[in-house]
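# Examining the three-dimensional arrangement
Now for the letters of each chain:
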Amino acid sequence: MTPGSTTPLTAQILPEPEPVSGKEIKQVDDQVITGTVKSETGSGLPGVSIVIKNTTRGTTTDGDGKFRLSIPTGQVTLIFSFVGYLNQEMEVGNRTTFDVQLAPDTKALGEVVVVGYGTRTKSSLTGAIASVKAEELKATPVANLAQGLQGRVSGLDMRQNSGTPGGNISVRIRGTNSINGTSEPLYVIDGIQISASSGVNAANPLSQINPSDIESVEVLKDAAATAIYGARAANGVVLITTKRGKDGVTNVSYDGYVGQQETTRKLGILNATQFAQLENATYSPTVVYPNPTAVGAGTNYLDLIFRKAMIQNHQLSVNTGTNKTQIALGANYFSQQGVIKKTDYERYALRANIDHRISDRFKVGTSLYYTLTGENRVNAGGTGVNVTSAREGILGRAVAAPPTLLPYRADGSVYSFADQFNGRYRETVNPMGELAKKNYTNGNRFLGNLYLEVMILKGLTYRASFNADLSSSLQEQYSPRSIVDSISLNNPNAVNGSASNNSSYARTLLHESILTYKTQFGQFHTLNATVVYATQSDVLQQNNQTASGFGNDFTENWSTANATVYALSSFRNKSSLSSWLGRVAYGFKDRYFLDLTGRIDGSSKFGANNKYGFFPAVSAAWRVIEEEFMKPVKFISDLKLRASYGVTGNAGAIGPYQSLATVSGQGYNYNFNNVTQTGINPSGIANPDLKWEQATQLDIGLDVSFLNNRLNVVADYYHKRTDNLLFTKALPMSSGYTTITGNYGSIQNKGLELGLNGKILTGAVKWEASGNITFNKNKVLALDGIQNEIALSSYSILKVGYPLGIYRTYILDGINQTGETFLPGYDARTGGFKIKDVNGDGKISTDDQVIVGNAQPKYFFGFSTLVKYKNFELSGFVQGVQGSRLFNGFRFTFETPSGQVNLLEGTANRWSATNPNNEYVKPAQGTNLPVGDRWVEDNSYIRVKNLTLAYNLPRVKFTKGIRAYVAGNNLFTLTKYQGWDPESNNYGSANALFYDNGTYPAAKSYVVGLQCTF
């Protein structure tokens, strides 16, 4: 088990011996042998390599450790090999069945773990690295890699901010490390470095990677593990390795599933009769609906926008190889309909990994990955903080829609609310119009890596790597004339039909020259040194066109020249990064380990006085288990202490040109000689001292295994401080500028991670379980150097000494009852909310607002279990977050009885003279509710992420394994949160703003799947 991991050892086929010239056994299927390979505990070992000695002919064991192999007659010797176990040779003789038990190689602990610019054995690791292997990802049918990782790694906090197919995922490793910059980790896919976007509608790189293509995922958490990536590593690093071919084995596999999704929750709203009664109460003494009961139940617009949706995934892979060339090919199709109509996501993916050894000294290879995506979206929720912003998305519009009105005309067209009820509800939008709009984005992404590896001398290797990340997208939007009301449609000055086409192109080119030296000297000393030079270039270009005022809807967004008003805009930026880095790893007696890492990065983004940054790290490990005094302690099978300290940077906190003086085309226009000249005005002041956000981290770790590795525990304490945070400071008006961006702020994260896994039962019934939990405390240490508190909105602040995501509101103290006296200072009324006079000064003011919670969780956790009996498997996975709070702006909006919009069903129990409760206020035309603690909700949750029942079919001719399963994802969630989903955040991956204004709800799914290997 790797540090930080809660997963057992997994298979990796070792390089097979070179064939002996002229002695390769002729492949005549004279005899078939079968057998089972077991571990020291008696459980079957999957993925064990079984090779006929002095040939390249062989096979691997299936998920239960069973194998079947055709061998020639004569004297045949089999070699059994598996990572973490001693190789074993066995003469076949006259036997046809075998029961083999491998002995663990406790001395070598040879499981290979991917690290930055190389690999290491698990025993020699000095940093905090967690590993998730392909077997874990394969066991659970997930839509994307992020869903497969959520809850499986301690210290890794992943939130599905939006349930939109292909939507945003917020990823945090050991807390939030920035305020205005990104806190997303760096992703490295087969050596290609990728940064994530942070918007709620932005696609995370993990959503574009097919989980079936993954061999392993390593999460680098501490400075010792991440410093090798320098200026991009302050937020942690996720290394993704895709599957490659293996020599001597050919596998053709299919992995697919089909299923149905539905929303996990649907909020209750007032029916037509209840709405009519609400309207009458709001506008009393005016009677809007003379007979409310006559309108009946009316239209439930939430029922009209939701649906049961299909999801499917199909993957075909071919892995093959000889001792010279290894090839892995994959093709994938994924399709997910959204639970809201007119939303979907499709992904086509092709993968090719090829490695070829030209000679004993030269090796070349490539990794190619191409994805084509297409997605239809609707705007689910708003991003503003006022009472009307929740009505901007389809969810808010479906709740707000008066149920007394009709969604469609008799001819099936959208029936504008302005054309009904004498235009009374003109300001309320028919949500069916949102479904009539077009919002389609297609995207292309190519990831390519080409390498040449040269063995210069024994132990000395040079590797030249050339990487490219090319992506492009086109977003097409059109709002048709057919949803416009009749009055506006006949108004020549109204906007009738609008369109936009937004194209984007991004290119990242990276070259790395890597020199590696590995040697062993004396009897006890090992040395592993790596030196790298890297240069990277990034380009982003966007072109946008908008148009409005179309004569018809026939051409939609394809002919913007037909519009009466149109505009063009474009954008381009470019940046570069040059790096020099080195790492030295020394080991003594396989007991003491010391790593030294240093990286220098130079970026075009930063000020002239701080172009370069140095990021060092030191780490050490002591394998206590190798000491003589541990020999008598039999129940402990492994024990290692780790410690690290280092510095990393966050180049993602700043965009190109922010250190320079900039101008804008938004200035005043001037008339010279009767010719209008476009004015340009200064927009940004130069800061030549602008530099990196810098994170300093201490980590102390413990890896311990008990009972011959049946129980494994990993624990880490970390203390991370990020200084020089990019922050915007206000400038005096006399400067001619309003703000300047500089390095002012500081943030601290410290916490404890605990992960464990164990083999509880190893007999006929096999039972494995693993779990992890993370406690993290976040604190703002400094802001702009002047202020200790900055208001972000009417409910949220930044405050020194407190975590990010602090909520400050009024305390609501019930409802003003008849005859009570009102305190001055707010819009108090009988039947309205009563605000608590916190400071006791006899009036209500902003001084009575207090901190009522924060969005940072106290802890988060994951638990998984697997039970096997004969050919059956039952697995489950639970994930949760505890101790966090979220401002439910959606509920705030739809508990505000201001008139002309429908509300949540609870408001039927609103205050009145005959129903003097303390829950929901009396309605009043145009009323505004005070921002109070009532809507800062506990969004802790425990979620059953997956339950899977699988059956491994007996082997039949031409197959190596068939696994059929049924599974349920997001089956149910235990939470007190009253919104659509407790993971929601309309601000996506923002660091300091957490607000639910109606994000796309999560879906639960039921799938059936099949996995076959031939």
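Preceding this paragraph is the structure being described.
Conventions adopted
- Residues numbered from 1 in each chain as written.
- Predicted model: local features only at pLDDT ≥ 70, side-chain atom pairs only at ≥ 80, totals over all residues.
- Heavy atoms only, no water.
- Patch = residues over 30% accessible without salt bridge, like charges linked within 9 Å, V, L, I, M, F, W, Y side chains within 5 Å.
- Areas by Shrake-Rupley, 256 points an atom, 1.4 Å probe, with all protein chains shown as cover.
- Salt bridge = Lys/Arg side-chain N within 4 Å of Asp/Glu carboxyl O.
- Helix = DSSP H or I, 4+ residues; strand = E, 2+ residues; numbered from the N terminus.
- Core = buried A, V, L, I, M, F, W, Y, C linked by side-chain atoms within 4.5 Å.
- Buried < 20%, exposed > 50% of the residue type's maximum accessible area, 1.4 Å probe, protein only.
- Contact = heavy atoms within 4.5 Å.
- Pairing = 2+ DSSP bridges.
- Axes fitted to C-alpha atoms, helices over the stretch in contact; angles between N-to-C directions.
- 1 Å grid on protein atoms, 1.4 Å probe; cavity = no way out; pocket = protein on both sides within 12 Å on 5 of 7 lines; lining within 4 Å.
- Points joined across faces, edges and corners; volume = space filled by probe spheres on them.
- Nonpolar A, V, L, I, M, F, W, Y, C, P; charged D, E, K, R; others polar.

### Overview of a nonpolar patch on the surface
A grouping of V584, L594, L596, V618, Y645, L698, I700, Y717, L752 and F775 is seen on the molecular surface, where their side chains present a nonpolar patch of about 820 Å² in accessible area. Among the secondary structure elements, those contributing two or more residues to the nonpolar patch are β27 (592-603) and β34 (693-706). Looking at where Y717 falls in the secondary structure, it is placed in strand β35 (residues 711-730).

### A word on the nonpolar core
Of all hydrophobic cores here, the largest spans 38 residues; its most connected members are L302, I305, F306, L395 and F890. At the level of secondary structure, the elements contributing two or more residues to this core comprise α4 (272-282), α5 (301-305), α6 (394-400) and α7 (432-436). The element that contributes the greatest number of residues to this core is α6, accounting for five residues. Not counting residues up to four positions away in its chain, the partners in contact with L395 are L302, I305, F306, I340, A380, F890, W980, G998, T999, Y1000 and P1001. The next biggest cluster of nonpolar side chains, apart from the first, holds 27 residues, and it includes A146, Y187, I240 and Y369.

### Digging into the sheet that holds strand β1 (residues 31-38)
As summarised here, the arrangement of the three strands in space is β4-β1-β7, forming an open sheet in which the pairing is mixed. What marks the edges here is a single partner per strand, and that holds for β4 (66-71) and β7 (97-101). For this sheet, the mean angle separating the axes of adjacent strands, direction not counted, is 25 degrees. Here β1 pairs with β4 via six bridges, running antiparallel. Bridge pairing in β4 links V32 to S70.

### A look at the sheet that holds strand β15 (residues 214-220)
With mixed pairing, five strands are arranged side by side in an open sheet as β10-β15-β16-β13-β14. Across the chains shown, the open sheet's two edge strands, defined by having one partner strand only, are β10 (129-133) and β14 (192-195). Recorded for the sheet is a direction-independent mean angle of 20 degrees between the axes of neighbouring strands. Pairing of strand β13 (residues 186-189) with β14, which is carried by four bridges, proceeds in the antiparallel orientation. If you follow Y187 over to β14, its bridge partner there is I194.

### Description of the pattern of salt bridges
Counted under the stated rule, the structure contains 43 salt bridges. Note that D638 and R623 form a salt bridge whose closest N and O atoms lie 3.1 Å from each other. Of this pair, D638 sits in strand β29 (residues 636-650) while R623 sits in strand β28 (residues 612-623), placing them 15 residues apart in sequence. R623 carries the same exposure label as D638, and that label is buried. Salt-bridge contacts for D716 lead to R642; the nearest nitrogen and oxygen are separated by 3.0 Å. With D716 in strand β35 and R642 in strand β29, this pair connects stretches of sequence that are 74 residues apart. Under the relative-accessibility criterion, D716 is labelled buried at 1%.

### Some thoughts on empty space enclosed by the protein
As enumerated under the stated definition, the model contains 14 cavities of 30 Å³ or more in all. When its volume is computed, the largest cavity comes out at roughly 470 Å³. Lining of the largest cavity is provided by 40 residues; of these, A143, Q147, Q160, N970 and A1003 occupy positions nearest its centre. Counting only elements with at least two residues in the lining of the largest cavity, the list comes to α2 (145-149), β11 (156-159), β19 (325-337), β20 (344-357), β48 (941-953), β49 (961-975) and β51 (1003-1013). For the lining of the largest cavity, the per-class residue count stands at 16 nonpolar, 18 polar and six charged. Each pocket or cavity is described by its volume, and for the second largest cavity that value is around 350 Å³.

Functional significance is not addressed by these values, which are geometric in nature.
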